[in-house]
Each structure stands twice: as structure tokens, then as C-alpha cells.
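The chain contents come next:
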Amino acid sequence: MELKLQSILFPDKEEYTDYADLFYKGGLGIQDKEEKCFVFSKYSTCDFGAYLNAFSMKKWKKHTKIGQTSLKLVIKGNFELVLSGYHRIEESAKRDVLLKKEYHCDEKTEISVNIPNNKETLVAFELRMYSDCYVYGGGYYAEVNEEEFNEVRLSIATTTFKKEDFIRKNVKMIKDEILSKDDIIGRNVYLHIVDNDEGRVLSAEEFEGEHVYYHRNKNVGGSGGFTRGMIESLQQKPKATHVLLMDDDVVVLSESIKRTYLMLLLVKPKYKEYIISGAMLCYEEMDVFHEDVGFLGADGGQNSSKGHGKIVDMADMVQKEEAKTKKADSYAGWWYCCIPVTMIEKNGFALPLFIRVDDTEFSFRNQAKFITMNGICVWHMGFTLKFNYFMEYYQVFRNFLIEEACNPSRGRRERIWSRFNGLFLSEILRFNYNAAEMIVDAVRDYLKGPAFIEEEKCQERLKTMSAKNADMKDFEEFDEYGVDIDSIYQEDYRSLKDTILYRLTFNGQIFWPKKWLRKGPAAVAHDWFYNPQRQCLVDSVIAINPNAYTAEIRKLDKKKFRKVMKYYFVTLKRYRKMHKEVDKAYYDRRKYLTSYKFWKEYLELEKYQ
């Protein structure tokens, strides 16, 4: 039988208008809503070799059981169809034309061309218009053997906390464009909405219907919300075979979910235990690629395996498709992550880490392997506007220490320590004493052992620790300082003399009289960007978030400096003395902490049914 693997997509919603190059490049198509088509003008060229419409030929062949592939279009007009394949040569995309054919379609017509056998990474088509052309739709098809279909029941589990607008929009889309269809996908997709907001703005009455379920949940963060989604997916009738974890603050296309389902339906036995990891594109700049698979780098930070940047040029698309995801210490983020149920049944649910690193730990624990593909993606709210020290310093560092205790490895712990030790020094050198203290708090709480995270006090800890976050205010309140906000991420040249004094005196906080300090505030970044020369030997800094247009004044305080440094050395001494014992306690408890028995009590499932 013939099965449609991928639909041709168009920028048919207002939010995509400025990002049409994700769909096609060249001729500017105009939507005819009455005719339900896109119209391209005479003597224009339109290239559908774009991120959402290029066909990942190599990956479909590698991972699935497909036969002859073809391209079908429903179209009216006179045009030449050019079908091409693309692969990477160094930093460029090499194009090989597979076929050319002219068409004269006076009426709305379905045309079909078999795709010649090839070894290309991506296949895409181009239309050269000899008259006005009306494109109604189309897609890439493949011959498949129905008897070889895998049994697939895909459960989408999305956990939400005060993101009602996003959830309502995504649920409506899934209902209208997937669940309402009487096809193999519509009959086998389920949706579980896990609501962590105990204020309960949302309700079961608003959402529930056939294959759609709403679950009240405690505010236990992403790890607790997604675990609840996994549990409900395993307990639904019939039981899910795969769980697609998806964040709440995302825009997603139904096509991404459909391609995910079809990949699972056709995947070869060799790849059945792979995670399908969707890409995160930036919500604020929709043609910017952030990550689909990440890895813990040599710097101890979480890095994108394929790099960041625009996903418009064919060279960038081919690079992303051909990039390897087999790097050591790789993980898939839970913004769009499709997990086989067998993996959960074998190795358990998430660790109760509240927020951050839960997805990374899950990948490490399962020694996960990944499938990625262009067009399987979400647009996620950016992290820049949401940056805060509780999340980026306390949660990430504490949770990585716990992750390493549960999944001991060679070298990871040292890299993680090196990173956060560096961040501690960076923050204390720019008088951000609260942030530096939170990094030490992370070690202190890790040393409390597994009993600390077994006790559900997520909201209490969130409230307590968040009080140490920066008190960022509207930048207009600081107009008197005449700060050049555009220079925040420009690194100043370091003088040798200042560098020596900066290091010897901990930036004027020891061995340096206050009267010798320069008058501030010096303008520095609010996040990880480190510019030591600008803050060298000044009495204060102004930390600025140029994206949110906010700032905070921080003053040199020798008393606070001594207090935090003492706290640091005392905690470090305790860590060196007892971390092996603490590691063993976590390791011995790890299976229980990821078990249904633990999570049933932790989530108070009987209360929140």
C-alpha cells in the first residue's frame, strides 16, 4: 500500500507570515482562503527545499521499512517541476538534480512523480512558474507493507503551570487536526494534560473528550508533571506504546506529531528503543534553531550537538540532518521527546528533581540513542527572558550532583564541578553574593542525601530559594547612569596590571582600601557573560538584561564577601569528607526514587485522581 509520510506545509497562519522561508524560498505565495490554496505568480520560482518541507530521504531509508517513494502535488497552472537531492560537502550543500518535467494543467490536477533511487540526505522540489500557479497541497509518499506495521499508540503528555493560553491553543489544534480524523493516526493518538497549577484555572470539563484526559496534579515541577503523564499513559486503556513529553509554553504543528507517529509505525526493529527527539526552535525568532539533542561538554555545560543559528539555508539544514547525535553524555530535552514505554518499564520514571536536569538524567540512565529529523520540532519560549539564578545555579548544580551519584561516570563530575566553581568565582567577583551563595546551597542540599528529595516540599523550597534571585527593575529607573545598553555583551580588553590586582584582591574585596576603588556602577551582563575588565576595582556594578530591559545595582560588600567565602570553604570541606558516602546513599536509593511505588505516594495519586 501507499502511505503519505509527509505533507507539504504552507504559512497559512498569521504567526508564520514573517517566516515563510521555513516553508519555501523564492516566490511569495499568496493564500486564497476561498480556494484553499496558495497562488504563485507567473515567471516566479518557488523552492520548497525549506526546513518544514524538505524530505529527509536518508533518515526515512535508514530508520524505516519503506519502498518506492514519490512526490504528489495538487496544482493548477503551467510550470516546470525540478526535483533535487542535497548532501553536504564541507560547509556547503551540494545539489544534484534528480529530474525535471514540464506540466500544463488547465484544471486542478494531481500529479505524481517517482523519486529516483538516490543516496541524498534531503530531497526537495522547486516550481518554475510559466503562468500563475495554484498549489492546493501535496506530500511525499512511500510504498509500505501493512503487515509490517508496528503496533503504535502514541500518548502525548504535556504538563502545565500557568500557561493556559498555550495549552488551550495546542489542545484545540490536536483535537481539530489529529483526533478528529478517522485514520490510523487519529485512532491511535491520546492526549494527557497534567495541570500542576493548584489554583485550577483549567478544568476537566474544558478539555476532556475521546482520547483526551485532564489530570489535577501537585506543583511538583517538570519531573513530577511528566512522571504523572507517563503513569497515566501506562494506565490508559489501551496502554500506550510511546509517550511524547511536550512542554506547555510551545507552538507545535500537527505535522510534527504525525511524522513522529509514522516514524514509529514504520521503524525498523533495530531502532525501536530509540528516542525521537524534536528540535527546539526559538519562539521569538522562529527560523532560529536551538537544539534537538544536547551533550555535556568539556566545559561542564549543556551544549547543542548541532549548534545554534538560522535554519534557512540548505547548507544549514543539511548540516543539522547529517550531524551525529552519538556524542558521549548526550541527552534529549523534554520540550518534545518521544520515549518508548518499554524504556520506562525497564528503568523507571524521572528522578524527583522538580525542575532541570531530569531529562538529562533520564537519557544518561537509559544510555539513550536518538532519532531526529527536520520538521519534527516545536517553537519554545526563549530562556533569556526567564533567566534566574535559582534555576540556572541552584537547581542545575544540585541536580547534576544527584544525577552523577545515581549514574556514576568517568569525568562528568569533574567537568560539572569545574563549571560551577568558575561560576561561583564569577559571581562573587561582581558582587552577586546571593547567586554565589545559591551555588554553595546546591552542594549543601545535595549532601543531605536522598531523604531530602524524597520529601515533597517543592513549592516551599522554590519560594525560599527564589527570594535570593536578582531584584531586577525597569531599566528606565537607572537612566541617571547613562549606560550604553548595547555594549553589555562586548568584552573589554584586559590590562595586565588590572588583571593582577583583580586576582590578588578578589576585585578589591581583600587587601584593597575602599577609597582606592573606582566609582561605579560598571555595566555588566545579568547572565553568564563575564567581562572582568569592566568591573575591575569598582565599588559597584549595574547588572543588565538588555532583552527584558531590566537592571539591578550591586555594591561591593566586604562583610558579605567574607561570609559567603567562609560558607564556601566550610561546605567544600564537608563535601570532600562525605560525598562518597552520600553518593552511595543516592545510588542505593535510585531505583526506588524512580519507581511507581515512590511516585504514587509522592504525587498523592489517590487524592489527585
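Keep in mind that this is a model prediction, so the values were computed, not measured.

*Asks:* In this structure, what is going on with the overall build of the chain? I would like to understand it.
*Replies:* Across its full length, the chain holds 17 helices and 28 strands. A compact globule built from 609 residues would reach a C-alpha radius of gyration of about 25 Å, and the chain, at 27 Å, matches this within 12%. The C-alpha extent of the chain, read off along each of the three principal axes, is 85 × 55 × 45 Å. Sorting the 609 residues of the chain into buried and exposed places 60% on the buried side.

*Asks:* For this particular structure, what's the right way to read the sheet that holds strand β18 (residues 294-296)?
*Replies:* Strand pairing in a sheet relies on backbone hydrogen bonds, with the paired strands running either antiparallel or parallel. Across the sheet, which stays open at both edges, the three strands sit in the order β19-β18-β21 with antiparallel pairing between neighbours. Edge strands, defined here as strands with exactly one partner in the open sheet, are β19 (302-304) and β21 (330-331). Of the pairings in the sheet, the one linking β18 to β21 comprises two bridges and is antiparallel in character. Counted as the bridge partner of Gly-294 is Tyr-331 from β21.

*Asks:* It is not clear to me how the sheet that holds strand β15 (residues 275-277) should be interpreted in this structure. Could you clarify?
*Replies:* The strand order across the open sheet formed by seven strands is β12-β11-β10-β13-β22-β15-β23, and the pairing between neighbours is mixed. Two strands close off the open sheet at either side, each with one partner strand: β12 (212-216) and β23 (370-371). When strand β13 (residues 242-246) meets strand β22 (residues 336-340), the two strands line up antiparallel, connected through five bridges. Among the inter-strand pairings, Met-246 is bridged to a residue of β22, identified as Tyr-336.

*Asks:* Help me understand the pattern of salt bridges, please; the structure alone is not making it clear to me.
*Replies:* Enumeration over the complete set of coordinates arrives at 38 salt bridges. Here Lys-72 makes a salt bridge to Glu-2, at a shortest N to O gap of 2.5 Å. You can see Lys-72 sitting in strand β6 (residues 69-89) and its partner Glu-2 sitting in strand β1 (residues 2-7), a full 70 residues away along the chain. The exposure class assigned to Lys-72 is buried, which follows from its relative accessible area of 13%. On the basis of relative accessibility, which here comes to 34%, the residue Glu-2 falls in the partly exposed class.

*Asks:* What exactly am I supposed to notice about helix α16 (residues 558-593) here?
*Replies:* Each full turn of the α-helix corresponds to 3.6 residues, which orients residues three or four apart in the same direction. Between its first and last C-alpha, α16 extends only 42 Å over 36 residues, short of the 52 Å set by a 1.5 Å rise per residue. Along α16, the helix axis deviates most sharply at Met-578, where the bend reaches about 60°. Put simply, Asp-557 is the residue that caps the front of α16, since its side-chain oxygen is 3.1 Å from the backbone nitrogen of Lys-559.

*Asks:* Looking at this structure, I do not really get the packing of helix α9 (residues 389-406) against α16. What am I missing?
*Replies:* Between two packed helices, what matters for the description is the angle formed by their axes and the separation of those axes. Closest axis-to-axis distance for the α9/α16 pair is 7 Å, and the angle between their directions is 70°. On the basis of the axis angle, α9 is roughly perpendicular to α16. For the crossing formed where α9 meets α16, the hand is right-handed. On α16, the residues touching Ile-402, Ala-405 and Cys-406 of α9 are Asp-583, Tyr-586, Tyr-587 and Arg-590. Classifying every residue of the contact of α9 with α16 gives five nonpolar, no polar and two charged.

Rules used in this analysis
- Positions within a chain are numbered from 1, following the residues in the order the chain's sequence is written.
- Only residues with pLDDT of 70 or above have their local features reported here, since the model is predicted, and side-chain atom pairs are shown and tallied only from 80 upward, although totals for entire chains, interfaces and linings are computed over all residues.
- Hydrogens and water molecules were not included; the side-chain quantities draw on all heavy atoms of the structure.
- Think of it this way: any DSSP run of H or I at least four residues long counts as a helix, any run of E at least two long counts as a strand, and we number them from the N terminus.
- Within these notes, the globule rule equals 2.2 Å times the number of residues to the 0.38 power, and the radius of gyration is based on C-alpha atoms.
- A 1.4 Å probe rolled over the protein chains alone gives each residue an accessible area, and that area as a share of the maximum for its type sets the label: buried under 20%, exposed over 50%, partly exposed in between.
- For two strands to pair, DSSP has to find at least two bridges joining them.
- A side-chain nitrogen of Lys or Arg and a carboxyl oxygen of Asp or Glu constitute a salt bridge if their distance falls within 4 Å.
- Under the convention used throughout, the expected extent of a helix is 1.5 Å for every residue step, that is, one less than its residue count.
- To get the bend at any residue, fit one axis to the seven residues that end at it and another to the seven that begin at it, then take the angle between the two axes.
- Whenever a nitrogen or oxygen atom comes within 3.5 Å of another N or O atom, the pair is scored as a polar contact, on the condition that within protein one atom can donate a hydrogen and the other can accept it, and that pairs from neighbouring residues in sequence are kept only if both atoms are in side chains.
- Simply put, an axis is a line fit to the C-alpha atoms, just over the touching stretch for a helix, and the angle between two N-to-C directions goes from 0 to 180 degrees.
- Put simply, angles under 35 degrees are roughly parallel, angles over 145 are roughly antiparallel, angles from 65 to 115 are roughly perpendicular, and the rest are oblique.
- By definition, any crossing whose near helix is turned counterclockwise from its far helix by less than a right angle is left-handed, and any crossing with a clockwise turn is right-handed.
- The contact definition used throughout considers only heavy atoms, calling two residues in contact when any of these lie within 4.5 Å.
- By the convention adopted, Pro, Cys, Tyr, Trp, Phe, Met, Ile, Leu, Val and Ala count as nonpolar, Lys, Arg, Asp and Glu as charged, and the other residues, Gly among them, as polar.

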